[in-house]
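# Analysis of the macromolecular model
Now for the letters of each chain:
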Amino acid sequence: MDFTGKVVLITGASAGIGASCALHFAKLSADLALVGRNVKNLNKIAEQCTKASGKEPLIIIADISVEENIARIIKETIDKYERLDVLVNNAGIVIMATFMDDIKNFDRLVATNIRGPYLLTQQAIPHLIESKGNVVNVSSIVSSVPIPAMMPYCMTKAALDMFTKCVALEVAPKGVRVNSVNPGPVNTELFKRAGFDEERNKGIFAMMAATMPLKKYAHGEDVAKLVAFLASDSASCITGSRYEVDCGLHLGTPVLDSKN
Ligand SMILES: NC(=O)c1ccc[n+]([C@@H]2O[C@H](COP(=O)([O-])OP(=O)(O)OC[C@H]3O[C@@H](n4cnc5c(N)ncnc54)[C@H](OP(=O)(O)O)[C@@H]3O)[C@@H](O)[C@H]2O)c1
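As recorded in an unreviewed UniProt entry, the protein chain goes by Jg19240 protein and comes from Pararge aegeria aegeria.

Structure follows, in structure tokens:
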């Protein structure tokens, strides 16, 4: 797989899955535009990308939940590279909140997990039509596996899946593809940022690994490889699809097994 001459814009590239995507695309020789809020982390990841590819990524410090930043992200990318081939809508947050909790949780989640990708995709599409490029949305397995303890988060990811399908259908005649990857648990900063301390985070991931069909959880690189595949010409016939990368979590627990 080779992304030489292709421009890949990744949101949330300063940590976790987005950082893994940045590094993976760098190894595949892509020209990168990396978006995040934490300057120090973004610089650190950019340095690693430069080492991997010999090319310095464009760094864009921006909060995707702030509408004015969206046009700037696209402008800075086009100003530097004069094209856009791939948009990876990865930035996202989790808030541990249930249906009965403050609606402000829902508003915050919507602003980052839906409104940001919605607006960014809108503004990226004209450039993607020109390059016959594509979008990869980082959704989640919880878009279809309900978890009441994080119900508004689940809702935002379900919305992102439908966004993927509708936009895919709308832009398909223009030669643009739109897909999603739907990870299960990936050990990143996500749950720690949602308030879990180190020990609880470790405990939850250990418990999840033990109960998952494949008895493990995915790492950022596992998701990044799938994102790159969907963004590549190898996936030229794939659009509007969702790809689970969840160690089998979506399969659930068998009601009957051979011992019953
Ligand atoms: N980890 C999992 O188990 C898991 C499972 C399924 C789906 N996902 C999805 O994967 C994506 C990445 O999550 P992760 O696990 O890698 O989380 P993470 O380690 O917490 O990283 C999140 C990234 O998103 C960025 N970000 C968050 N809000 C932003 C905003 N408003 N504007 C710009 N950047 C923003 C962060 O940037 P700064 O640090 O610079 O602020 C950071 O780079 C999310 O969409 C998440 O829902 C994760």
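We now examine the overall build of the protein chain. A tally of regular secondary structure across the protein chain gives eight helices and seven strands. Considering only C-alpha atoms, the protein chain reaches an extent of 60 × 40 × 35 Å along its principal axes. Counting across all 260 residues of the protein chain, residues that qualify as buried make up 49%. In the form shown here, the protein chain has an accessible surface area of approximately 12,800 Å², with 56% of it arising from carbon and sulfur atoms. A gap of 3 Å separates the mean positions of the 28 positive and 27 negative side-chain charges of the protein chain.

In this section: the site of the ligand. As a matter of local geometry, the ligand sits amid 32 residues, with Ser14, Arg37, Asn38, Tyr153 and Thr188 nearest to it. Measuring from an oxygen atom of the ligand, one finds a backbone N or O atom of Asn38 at 2.7 Å. Leu190 places a main-chain nitrogen or oxygen 3.4 Å from an oxygen atom of the ligand. Where the shell around the ligand is concerned, the elements lending two or more residues are helix H1 (16–27), helix H5 (151–171) and helix H6 (190–193). With three residues, H6 is the largest single contributor of residues to the shell around the ligand. Split into classes, the residues belonging to the shell around the ligand amount to 14 nonpolar, 13 polar and five charged.

What follows covers unusual backbone geometry. Although it is not a glycine, Glu82 adopts a positive phi angle of roughly 60°. Relative to the assigned elements, Glu82 resides in the loop between helix H3 (67–81) and strand E4 (86–89). The exposure class of Glu82 is exposed, given its relative accessible area of 67%.

Let's shift gears to helix H4 (residues 103–131). In this model H4 runs 40 Å from its N-terminal to its C-terminal C-alpha over 29 residues, within 8% of the 42 Å that 1.5 Å per residue would give. Its axis deflected by about 45° at Ile125, H4 carries its strongest bend there, up to four residues before the proline Pro126. By the N-cap criterion, in which a side-chain oxygen at the helix start approaches the backbone nitrogen of a residue two or three places on, H4 is capped by Asp102, the distance to Lys104 being 2.9 Å. Just past H4, the residue Lys132 takes up positive phi, approximately 55°.

Bringing the nonpolar core into the picture now. One finds Val8, Ile10, Phe25, Leu32 and Leu34 to be the most contacted residues of the largest nonpolar core, which totals 35 residues. Among the elements of the structure, strand E1 (7–11), H1, strand E2 (31–36), helix H2 (39–53), E4, strand E5 (134–138) and helix H8 (220–231) are those that each provide at least two residues to this core. Top contributing element to this core by residue count: H8, with seven residues. Every residue in contact with Leu34, bar those within four places of it in the chain, is listed here: Ile10, Ala13, Ala22, Leu42, Ala46, Cys49, Pro57, Leu58, Ile59 and Ile60. By size, the runner-up hydrophobic cluster in this structure holds 29 residues, among which are Ala62, Leu84, Leu87 and Val178.

Glancing now at the pairing of strand E3 (residues 58–61). Within a regular beta strand, the side chains point alternately toward one face of the sheet and then the other, so they alternate between its two faces. Of the two faces of E3, the one lined by Leu58 and Ile60 is fully buried and the one lined by Ile59 and Ile61 carries no buried residue. Pairing between E2 and E3: four bridges, direction parallel. When the sheet's bridge partners are listed, Leu34 is paired in E3 with Ile59. Of the crossover connections in this fold, the one passing from E2 over H2 to the parallel E3 is right-handed.

Under the criterion given, the structure shown has nine salt bridges. A salt bridge links Asp79 to Lys75; the shortest N-O distance between them is 2.6 Å. In this pair, Asp79 and Lys75 are both assigned in helix H3, four residues apart and thus about one turn of the helix distant. Among the ionic pairs, Arg83 bridges to Asp85, the shortest N-O distance being 2.6 Å. Residue Arg83 is classed as partly exposed on the basis of its relative accessible area of 35%. Residue classification places Asp85 among the buried residues on the basis of a relative accessible area of 2%.

Turning to the packing of aromatic side chains, a few remarks are in order. In total, this model carries five aromatic pairs according to the counting rule given. Arranged with centres 5.1 Å apart and planes meeting at 75°, the rings of Phe205 and Tyr217 form a pair that is edge-to-face. Separated by 12 residues along the polypeptide, Phe205 in helix H7 (residues 198–211) and Tyr217 in the loop between H7 and H8 bring together distant segments of the chain. The class for Phe205 is buried, based on a relative accessible area of 1%. Through a chain of ring-to-ring contacts, the aromatic side chains of Phe191, Phe196, Phe205 and Tyr217 assemble into a single cluster. Directly above the aromatic system of Phe196 lies the positively charged group of Arg200, at a separation of 4.1 Å from the ring centroid.

Scoring rules and cut-offs
- Residues numbered from 1 in each chain as written.
- Predicted model: local features only at pLDDT ≥ 70, side-chain atom pairs only at ≥ 80, totals over all residues.
- Heavy atoms only, no water.
- Helix = DSSP H or I, 4+ residues; strand = E, 2+ residues; numbered from the N terminus.
- Buried < 20%, exposed > 50% of the residue type's maximum accessible area, 1.4 Å probe, protein only.
- Areas by Shrake-Rupley, 256 points an atom, 1.4 Å probe, with all protein chains shown as cover.
- Lys, Arg positive; Asp, Glu negative; His and termini not counted.
- Charge placed at Lys NZ, Arg CZ, Asp CG, Glu CD.
- Near = heavy atom within 4 Å.
- Polar contact = N/O pair within 3.5 Å; in protein donor to acceptor, adjacent residues only side chain to side chain.
- Nonpolar A, V, L, I, M, F, W, Y, C, P; charged D, E, K, R; others polar.
- Expected span 1.5 Å × (residues − 1).
- Bend = angle between axes of the 7 residues up to and from the residue.
- Core = buried A, V, L, I, M, F, W, Y, C linked by side-chain atoms within 4.5 Å.
- Contact = heavy atoms within 4.5 Å.
- Pairing = 2+ DSSP bridges.
- Right-handed = clockwise from strand over helix to strand, strands pointing away.
- Salt bridge = Lys/Arg side-chain N within 4 Å of Asp/Glu carboxyl O.
- Phe/Tyr/Trp six-rings, centres within 6.5 Å; stacked < 30°, edge-to-face > 60°.
- Lys NZ or Arg CZ within 6 Å of the ring centre and 35° of its normal.

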